[in-house]
Amino acid sequence: MVVYNITYLVDHSIHENWLEWMKSVHIPEMLSTGHFQRFQILRLQEVDETEGISYAIQFYANDLESYNTYIAKSAPTLRLKANEQWGDRVIGFRTLMEIVH
């Protein structure tokens, strides 16, 4: 299993609206691609929140092929939608991790 982790820095002015949008729009769209089985939302602790609130959202895929298919076919459209919605008020940093144990 692999974990697609996106860490976000969200501007204070949109924090609550962005989180609601993630839960009601963006995450359901990502899950509807069929490439991820589940997700979790985490708020980072012990970080400087001067510039915004930090979250990590993790999506779990059965294998690397599912992740790669998502990246090739669905990610560009979903990233564009998010950028059109929030612009530079949200910054994302993406990592891919493999569950070892």
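This report concerns the structure included in the present document. (Residues numbered from 1 in each chain as written. Predicted model: local features only at pLDDT ≥ 70, side-chain atom pairs only at ≥ 80, totals over all residues. Heavy atoms only, no water.)

**Regarding the pairing of strand β3 (residues 53-61)**
Along a regular strand, successive side chains alternate from one face of the sheet to the other.
Part 1 of the reasoning: For β3, the tally of buried residues reaches 9 of 9 residues, placing the bulk of the element in the interior.
Part 2 of the reasoning: Burial along β3 is two-sided: I53, Y55, I57, F59 and A61 and S54, A56, Q58 and Y60, pointing in opposite directions, are all buried.
Part 3 of the reasoning: Across 9 bridges, strand β1 (residues 2-10) lies against β3 in antiparallel orientation. Its bridge partner being in β3, L9 is matched across the sheet by S54.
Part 4 of the reasoning: The pairing of strand β2 (residues 38-43) with β3 spans 6 bridges and is classified as antiparallel. Bridge assignment links I41 to a residue of β3, and that residue is I57. (Buried < 20%, exposed > 50% of the residue type's maximum accessible area, 1.4 Å probe, protein only. Helix = DSSP H or I, 4+ residues; strand = E, 2+ residues; numbered from the N terminus. Pairing = 2+ DSSP bridges.)

**Quick word on the sheet that holds strand β4 (residues 90-98)**
Working definition: the strands of a sheet are paired by backbone hydrogen bonds and lie parallel or antiparallel to each other.
Part 1 of the reasoning: Strands sit in the order β2-β3-β1-β4 across an open sheet of 4 strands; the sheet is antiparallel. Two strands close off the open sheet at either side, each with one partner strand: β2 and β4. If you compare each strand with its neighbour and ignore which way they point, the axes differ by 20 degrees on average. (Axes fitted to C-alpha atoms, helices over the stretch in contact; angles between N-to-C directions.)

**A word on the packing of helix α1 (residues 15-32) against helix α3 (residues 75-86)**
Part 1 of the reasoning: For the pair α1 and α3, the least separation of the axes is 12 Å and the interaxial angle reads 160 degrees. What the angle tells us is that α1 and α3 run roughly antiparallel. Here α1 runs over α3; the crossing is right-handed. Packed against α1, whose contacting residues are N17, W18, W21, H26, E29 and M30, the element α3 presents L78, K81, A82, Q85 and W86 at the interface.
Part 2 of the reasoning: Residues that form the contact of α1 with α3 fall into these classes: 6 nonpolar, 3 polar and 2 charged. (Parallel < 35°, antiparallel > 145°, perpendicular 65-115°, else oblique. Left-handed = near helix turned anticlockwise from the far one by under 90°. Contact = heavy atoms within 4.5 Å. Nonpolar A, V, L, I, M, F, W, Y, C, P; charged D, E, K, R; others polar.)

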